[in-house]
There are 2 protein chains.
Amino acid sequence: MVIIGERINSTRKRIQEAVLKGDAELIREEVRKQVAAGADILDVNGGVAGREAELLCWLVGIVQEVTDVPLCLDSADPVALRRALPLCRKPAMINSITDEQARFDAVLPLVLEFRARVIALCMSESAPPAGADARVATATRLIERLTTAGVPPGDIYVDPCVFPISTGPEHGPAVLDSVTRIRSLYPDVHVSAGVSNVSFGLPGRKLVNEVFLMMLLSRGLDAAIIDPCDEGLVARVKAAEALAGRDEFCQEFLVAFRGGMMDFLKK
Amino acid sequence: MVIIGERINSTRKRIQEAVLKGDAELIREEVRKQVAAGADILDVNGGVAGREAELLCWLVGIVQEVTDVPLCLDSADPVALRRALPLCRKPAMINSITDEQARFDAVLPLVLEFRARVIALCMSESAPPAGADARVATATRLIERLTTAGVPPGDIYVDPCVFPISTGPEHGPAVLDSVTRIRSLYPDVHVSAGVSNVSFGLPGRKLVNEVFLMMLLSRGLDAAIIDPCDEGLVARVKAAEALAGRDEFCQEFLVAFRGGMMDFLKK
């Protein structure tokens, strides 16, 4: 699974404070920790109202002082994306494009110009996706529009759009079923998810998110925005990969175990 | 999910020692702990070579001194089952019947006579099940033979027969896919699993078993033989039920949380 490290997100209080007072060292430390823990990509979110473009660019500069790991620019603002993308030394990932016309038209040229990978969130102009069928339909439309425009299928990461299960028992199965179907229809396209929405409004959110990620991995999800420094979660991801048949004879699981990744189990 | 408490199993060293020296109080304590933790059924295994019938009967007597929770008689020996079944005050569960002719013929009359629930393990006369197709075929045969004989579908708990993933990457997906298909073909039949086989030969077994159970729950598994005293596992089962759409508006999850079941998360 591609681990997109979630920690440098200005909607989190600690990061927002650091960003607003220019505490570069705190950001660098978050980078070092996530890279050491095995993050494949680092999500970078500068989402402070009115200053997003400026702060996103500042973050991109600071992060690249200490790592060459590719970045995932986490913004719905095409202006912020256009300013930050040229600063990225490696091809970036954009989080995200949707099937809403204005957003699609604004983000697509950036994806093409910067050969970016892109998270294709299953949101369309109409109501939010109401079930697995609506998610698969929107994913199909997004994939067809993106590939027709020239985006390679392997650069597309479909996000089925996770809803809180506290608002209805149908939301978990709808996402799970849509992942099975999208994976089966489009084997060359990746499937990712912003898992943490699922537990909105509930206590014990970390545990709920973790269990949902395990279920999604068994359906073929192959990327997620998570905390790579959560050793319990990452160990379970390794186990899940083996259980889902994507780690022949459990070699990667065993390497992780021998490397000490699961020493916390002995505590 | 129906939790079948696994702790009173004479293949475990601590239990075997207690059984062999007649330490009834240790057994009673295992009963109390599992019932307090929410076990719906208690598995009872007296599997000491040559003395199984005698020890199984002794265990059934001791367990029923402290609880009325139904028992799951865990034995492949029809003689032991026939002696222990009349001692059970509540209709028991039998673990297990298979599609092997001799075992099927020996266990079926017991299921009928004692109106027992029965775990139908997907093992047939020929080679062990090699994939999802073989499991679904054996499950189909077992369900048809049992229901034709008069066993109500709701008393059948199909076990897809879990293989160790250390022996091949196909074994996890084969079981997961077979559960999806069996659940879809036979909505009135239950699906259970002896989950712990999956991690045979690996380190970190508890973690691997737990992740596999979460995946199975998302496919419709609704019973499992687990340790109800493992608070991390049981909390995840509650989360999984909500995520799989079987806990409307997360009411049971919230009751469990408020009741302190997830206090370990705060540690």
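About the criteria used
Residue positions within a chain follow its written sequence, with the count starting from 1. Here chains are named by letter from A upward and ligands by number from 1 upward, in the order in which they appear as written. The predicted nature of this model means local features are confined to residues of pLDDT at least 70 and side-chain atom pairs, given and counted, to a pLDDT of 80 or more, with totals for whole chains, interfaces and linings taken over all residues. As a rule here, side-chain values cover all heavy atoms of the structure and leave hydrogens and water aside. Pairing between two strands is assigned when DSSP locates at least 2 bridges connecting them. Put simply, DSSP H or I for four residues or longer makes a helix, DSSP E for two residues or longer makes a strand, and each gets a number counted from the N terminus. The contact criterion used is simple: two residues touch if any of their non-hydrogen atoms lie within 4.5 Å. Note on geometry: axes are lines fitted to C-alpha atoms, helical ones only across the stretch in contact, with angles between N-to-C directions running from 0 to 180 degrees. Pairs of N or O atoms within 3.5 Å make up the polar contacts considered here, provided that, within protein, one atom can donate a hydrogen while the other can accept it, and that residues adjacent in sequence are counted only when both atoms are side-chain atoms. Orientation categories follow fixed angle ranges, with anything under 35 degrees roughly parallel, anything over 145 roughly antiparallel, 65 to 115 roughly perpendicular, and all other angles oblique. Each crossing gets its hand from how the near helix is turned against the far one by less than a right angle, where anticlockwise is left-handed and clockwise is right-handed. As a working rule, the residues Ala, Val, Leu, Ile, Met, Phe, Trp, Tyr, Cys and Pro are called nonpolar, Asp, Glu, Lys and Arg charged, and the rest polar, with Gly in that last group. Remark: exposure states derive from per-residue accessible area (1.4 Å probe, protein chains only) relative to the maximum for the residue type, with buried under 20%, exposed over 50%, and partly exposed in between. Assignment of crossover handedness uses the view with strands pointing away from the viewer, where a clockwise path from the first strand over the helix to the second indicates a right-handed crossover. Buried surface area refers to the total accessible area, computed with a probe of radius 1.4 Å, that the two partners give up upon joining, counted for both partners together. By definition, a salt bridge exists where a carboxyl oxygen of Asp or Glu is found within 4 Å of a side-chain nitrogen of Lys or Arg.

Colleague: Quick rundown of the sheet that holds strand 4 (residues 93-99) of chain A? Include the residues and the values.
Modeller: All names here are of chain A. If you trace the 8 strands from one edge of the open sheet to the other, you get 7-6-5-4-3-2-1-8, paired in parallel fashion. The outermost strands of the open sheet, each flanked by one partner alone, are strand 7 (190-191) and strand 8 (223-226). Pairing of strand 1 (residues 2-9) with strand 8, which is carried by 4 bridges, proceeds in the parallel orientation. What sits directly across from Ile3, in strand 8, is Ala224. Across the face of the sheet, helix 3 (residues 52-66) comes into contact with strand 1, strand 2 (41-45) and strand 3 (71-74) while running at roughly 165° to strand 3.

Colleague: Describe the side chain of A:Ser96, with residues and values.
Modeller: All names here are of chain A. With respect to the helices and strands, Ser96 occurs in strand 4. A polar contact of 3.0 Å, which involves the side chain of Ser96, links it to the side chain of Arg103. Every residue in contact with Ser96, bar those within four places of it in the chain, is listed here: Ser75, Arg103, Val107, Ile119 and Leu121.

Colleague: Describe the packing of helix 2 (residues 24-36) of chain B against helix 3 (residues 52-66) of chain B, naming the residues involved and giving the relevant values.
Modeller: Angle between the axes and distance between the axes are the two parameters that describe a pair of packed helices. Residue and element names in this part refer to chain B. Here helix 2 crosses helix 3 at 55°, and the two axes come no closer than 9 Å. In terms of their interaxial angle, helix 2 and helix 3 are classed as oblique. Where helix 2 crosses over helix 3, the two elements pack in a sense that is right-handed. In this structure, helix 2 contributes Ala24, Ile27, Arg28, Val31 and Arg32 to the contact, and helix 3 contributes Trp58, Leu59, Ile62, Val63, Glu65 and Val66. Its residues assigned to classes, the contact of helix 2 with helix 3 shows 8 nonpolar, no polar and 3 charged.

Colleague: So, the environment of B:Ala36: which residues are in play, and what are the values?
Modeller: Mapping B:Ala36 onto the fold places it in helix 2. Along the backbone, B:Ala36 and B:Met215 are 179 residues apart, and their C-alpha atoms lie at a distance of 26 Å.

Colleague: Lay out the sheet that holds strand 3 (residues 71-74) of chain B in plain terms, naming residues and giving numbers.
Modeller: All names here are of chain B. Read from one edge of the open sheet, 8 strands run 7-6-5-4-3-2-1-8, paired in parallel fashion. The strands lining the two open edges of the sheet, one partner per strand, are strand 7 (190-191) and strand 8 (223-226). Bridging between strand 2 (residues 41-45) and strand 3 involves 3 bridges; their strand directions are parallel. Bridge pairing in strand 3 links Asp43 to Cys72. Its contacts with the sheet place helix 3 against strand 1 (2-9), strand 2 and strand 3, and it is angled at close to 165° to strand 3.

Colleague: Just give me the short version of the pairing of strand 2 of chain A, but keep the residues and values in it.
Modeller: Side-chain positions along a regular strand alternate between the two faces of the sheet. Residue and element names in this part refer to chain A. Counting buried residues along strand 2, 5 of its 5 residues qualify, which places the element largely inside the surrounding structure. With burial as the criterion, each face of strand 2 is covered, one bearing Ile41, Asp43 and Asn45 and the other bearing Leu42 and Val44. Bridging between strand 1 and strand 2 involves 4 bridges; their strand directions are parallel. Each bridged residue has a counterpart across the sheet, and for Ile8 the counterpart in strand 2 is Val44. In the classification by handedness, the crossover that spans strand 2, the intervening helix 3 and the parallel strand 3 is right-handed.

Colleague: Please provide a residue-by-residue account of the pairing of strand 4 of chain A, values included.
Modeller: Residue and element names in this part refer to chain A. With respect to burial, strand 4 is a largely interior element, 7 of its 7 residues being buried. Bridge count for strand 3 against strand 4 is 3 bridges, and the pairing is parallel. Looking at the pairing, Asp74 lines up with Asn95 of strand 4. After leaving strand 4, the chain enters helix 5 (residues 101-113) and then returns to the sheet as strand 5 (residues 117-124), a path that is right-handed.

Colleague: Give me the interface of chain B and chain A: which residues, what numbers.
Modeller: At the junction of the two partners, chain B supplies 37 residues and chain A supplies 37 residues. Taking both sides of the interface into account, the surface hidden between chain B and chain A amounts to around 3,200 Å²; carbon and sulfur atoms contribute 79%. Linking chain B with chain A are 2 salt bridges, by the criterion used here. The tally of links between chain B and chain A comes to 4 residue pairs in polar contact (both at pLDDT 80 or more). Here the side of chain B that touches chain A is built from residues that sort into 26 nonpolar, 7 polar and 4 charged.

Purely geometric stuff here, so don't read any function into it on its own.
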